[in-house]
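# Fold and geometry: a report
Listed below are the residues making up each chain.
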Amino acid sequence: MAYATLQDLIDAFGEGELVGLTDRGDVATGVIDTDVVDQALGDAAALINGYLAGRYRLPVSETPALVNGLAKSIAFYKLHRFDAPDLVAAEYKDALARLKEIAQGTIKLDIAGKELPGSGGSGVQVTDRERPLEASKMKGFI
């Protein structure tokens, strides 16, 4: 499941920018290569799913706005074949940091009924030994 669409990328970054990043053929066509965009969006979705899988049931029925923004940042970064500009790289790193926070539970997504239940193993369990000194055994001392 893609968390962003081609139209989302056009709205965020502009059609001209996407043409420049995706029109990679020997002969320039002057249009967006949707196969290249689909690959970048698929890579972004796979990365996001890797972080969400431990905390949420996949696939999610609705894409939260936060995840959509992260998907756009990641896909746009992936469209840069060589060195991405500093701002694009910084947004990519920020997206990865947000995904780590989602995976850790610091950031919770508004996905009703989709969060996986906890393992219950986070609390401390102690098995104590038998207590030889009980009130019933202490006659004469108490």
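About the criteria used
Residues numbered from 1 in each chain as written. Predicted model: local features only at pLDDT ≥ 70, side-chain atom pairs only at ≥ 80, totals over all residues. Heavy atoms only, no water. Helix = DSSP H or I, 4+ residues; strand = E, 2+ residues; numbered from the N terminus. Buried < 20%, exposed > 50% of the residue type's maximum accessible area, 1.4 Å probe, protein only. Contact = heavy atoms within 4.5 Å. Areas by Shrake-Rupley, 256 points an atom, 1.4 Å probe, with all protein chains shown as cover. Axes fitted to C-alpha atoms, helices over the stretch in contact; angles between N-to-C directions. Parallel < 35°, antiparallel > 145°, perpendicular 65-115°, else oblique. Left-handed = near helix turned anticlockwise from the far one by under 90°. Nonpolar A, V, L, I, M, F, W, Y, C, P; charged D, E, K, R; others polar. Core = buried A, V, L, I, M, F, W, Y, C linked by side-chain atoms within 4.5 Å. Phe/Tyr/Trp six-rings, centres within 6.5 Å; stacked < 30°, edge-to-face > 60°. Salt bridge = Lys/Arg side-chain N within 4 Å of Asp/Glu carboxyl O. Expected span 1.5 Å × (residues − 1).

### Describing the overall build of the protein chain
For the protein chain, the count of helices and strands is five helices and zero strands. Listing every helix and strand of the protein chain by position from the N terminus yields α-α-α-α-α. When each of the 142 residues of the protein chain is scored for burial, the buried share is 30%. Expressed as a percentage of contacts within the protein chain between residues at least 6 apart in sequence, the contacts between residues at least 24 apart total 71%. Total accessible area computed for the protein chain in this model is approximately 9400 Å², and 51% of it derives from carbon and sulfur atoms.

### Things to note about the packing of helix α4 (residues 65-79) against helix α5 (residues 86-104)
With their axes 9 Å apart at the nearest point, α4 and α5 run at an angle of 140° to one another. As summarised for this structure, α4 and α5 are arranged oblique, according to the angle between their axes. The hand of the α4/α5 crossing is left-handed. Facing Leu66, Leu70, Ser73, Ile74, Phe76, Tyr77 and Lys78 of α4, the residues of α5 in contact are Val88, Ala89, Glu91, Tyr92, Ala95, Arg98, Leu99 and Ile102. Classifying every residue of the contact of α4 with α5 by side-chain character gives 11 nonpolar, one polar and three charged.

### So, the nonpolar core
Counting residues in each nonpolar core, the largest one holds 34 residues, and the members touching the most others are Tyr3 and Ile48. For this core, the elements supplying multiple residues, two or more each, are α1 (6-13), α2 (15-22), α3 (34-52), α4 and α5. For this core, the element with the most residues is α3, which contributes eight residues.

### Some thoughts on the packing of aromatic side chains
In the structure shown here, the tally under the stated rule is two aromatic pairs. Centre to centre, the rings of Phe13 and Phe76 are 3.8 Å apart; their planes meet at 5°, and the pair counts as stacked. Linking Phe13 in helix α1 with Phe76 in helix α4, this pair joins segments that are 63 residues apart in sequence. For Phe13, a relative accessible area of 24% translates into the label partly exposed. Pairing Tyr77 with Tyr92 gives two aromatic rings, centres 3.9 Å apart and planes at 10°, and the pair type is stacked.

### Considering the pattern of salt bridges
Tallying each qualifying case throughout the model produces two salt bridges. Notably, a salt bridge pairs Asp94 with Arg98, separated by 2.3 Å at the nearest N-O pair. Of this pair, Asp94 and Arg98 are both found in helix α5, four residues apart, which corresponds to roughly one turn of the helix. The partly exposed category is assigned to Arg98, whose relative accessible area is 22%. Across the pair Arg98 and Glu101 runs a salt bridge whose closest N-O atoms are separated by 2.9 Å.

### A closer look at α2
Of all the positions in α2, only Leu18, Val19, Leu21 and Thr22 are classed as buried. Its buried side turned inward, α2 meets α1, α3 and α4.

### Remarks on α3
Given a rise of 1.5 Å per residue, 19 residues ought to cover 27 Å, and the 26 Å separating the end C-alpha atoms of α3 matches this to within 8%. The set of residues buried in α3 consists of Val36, Val37, Ala40, Leu41, Ala44, Ala45, Ile48 and Leu52. Check the buried side of α3 and you find it contacts α1, α2, α4 and α5.

Take it as geometry only, folks, not as evidence of what the structure does.
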